[in-house]
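Coordinate analysis (summary)
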Amino acid sequence: MTSITSPRAQFGLILPSTNTVVEAEFNWMRVEGVSWHTGRIFIPQPVLDDDESFVAFLENLRVEIGRAVRDVVTAEVDSLVMGMSAETFWGGKEGAEEFAKLMSDLSEGREVTTGAMACKMALDVYGAKKIGIITPYQPVGDGQVRRFFEEIGYEVHDVHGLKCETATSIEDVTPDELKAAFRAVDAEDVDVLLQAGTNLACSLVAAEMEQELGKPVIAINTATVWAAYRTNGIMDKLEGFGSLFAEH
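Our next topic: unusual backbone geometry. The backbone of Glu108 shows a phi angle near 65°, a positive value even though the residue is not glycine. Residue position: Glu108 is located in the loop between helix 4 (92-106) and strand 4 (112-113). The class for Glu108 is exposed, based on a relative accessible area of 64%. Of note in this structure, Lys163 is not a glycine but carries a positive phi near 55°. Structurally, Lys163 can be placed in the loop between strand 6 (155-161) and helix 7 (175-184).

Spelled out as structure tokens, the structure:
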């Protein structure tokens, strides 16, 4: 659809109703001629304080996600972007592919950018082989993240889960805590550090950590915006969000 206000692309942005970081960070990275249009997935129970509640959170999300996609598609957006990450990694490589197909089917065949796909695109740019990962998840979520990256061919040095107790408390993780987590999963032979969990405010922190550690550090929101742009022919480079957006 051609838009007067957003002639380059109108993106449907799907995120949990508990998420307060995605829209802010995505708008920091918005380029001229692009717009984000949000569909929120209703989350009635945001508790994530153990593996069982984490799985229940995702099961409810699967029930509600179709409504969010249905609503945002009525704006005749050009493509869909997932402002959520755990579900995009679930089930390893095959699960990630099935989820992307489901989202495309629900959005009437639109192209879909997921966090998992965006991370793979970013890691491929750097030719990474060994990675370290931080997340806000419980161990069950960390295990799924590890599985995904191992199944697509990366060696995972470590996954550090912050075990946030609720979906909303993820935003409360401080920059210092994020930096400490990145340092914890780093090693001399680790090529790239990666962050999952879209409600972690990490896009600026990751860019800072690149300078400290001297290697690529990828925040999932940065990777997702970058991948959505690149797969839609938008090649603008941005400063302040790390080497991924500034150089690739």
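The next thing to look at is a negative patch on the surface. A contiguous patch of negative charge on the surface is contributed by Asp49, Asp50, Glu52 and Glu165. Locating Asp49 in the fold gives a position in the loop between strand 2 (34-41) and helix 2 (51-73).

Let's shift gears to the packing of aromatic side chains. The description of two aromatic rings rests on the distance between their centres and on the angle between their planes. If you walk through the whole model with that rule in mind, you get eight aromatic pairs. Between Phe11 and Trp36 the ring centres are 5.0 Å apart and the planes differ by 25°, which places this aromatic pair in the stacked class. Taken together, the positions of Phe11 in strand 1 (residues 9-16) and Trp36 in strand 2 put the pair 25 residues apart, joining distant regions of the chain. Both rings, one in Phe148 and one in Phe149, keep their centres 5.0 Å apart while their planes meet at 80°; by these two values the pair is edge-to-face. Summarising the burial analysis for this pair, Phe148 and Phe149 share the class buried. Each member of the aromatic cluster is reached from another via a ring pair, and the members are Phe11, Phe26, Trp36, Tyr229 and Phe245.

Next up on the list: the sheet that holds strand 2. Taken in spatial order, the four strands line up as 2-1-3-4 in an open sheet, and their pairing is parallel. The two strands at the open ends of the sheet, each matched to only one other strand, are strand 2 and strand 4. When strand 1 meets strand 2, the two strands line up parallel, connected through eight bridges. From the neighbouring strand, Gly12 faces strand 2, where its bridge partner is His37. In the packing of helix 2 onto the sheet, contacts are made with strand 1, strand 2 and strand 3 (79-82), and the angle to strand 2 comes to roughly 140°.

Calculation rules
- Residues numbered from 1 in each chain as written.
- Predicted model: local features only at pLDDT ≥ 70, side-chain atom pairs only at ≥ 80, totals over all residues.
- Heavy atoms only, no water.
- Helix = DSSP H or I, 4+ residues; strand = E, 2+ residues; numbered from the N terminus.
- Buried < 20%, exposed > 50% of the residue type's maximum accessible area, 1.4 Å probe, protein only.
- Patch = residues over 30% accessible without salt bridge, like charges linked within 9 Å, V, L, I, M, F, W, Y side chains within 5 Å.
- Areas by Shrake-Rupley, 256 points an atom, 1.4 Å probe, with all protein chains shown as cover.
- Salt bridge = Lys/Arg side-chain N within 4 Å of Asp/Glu carboxyl O.
- Lys, Arg positive; Asp, Glu negative; His and termini not counted.
- Charge placed at Lys NZ, Arg CZ, Asp CG, Glu CD.
- Phe/Tyr/Trp six-rings, centres within 6.5 Å; stacked < 30°, edge-to-face > 60°.
- Pairing = 2+ DSSP bridges.
- Contact = heavy atoms within 4.5 Å.
- Axes fitted to C-alpha atoms, helices over the stretch in contact; angles between N-to-C directions.

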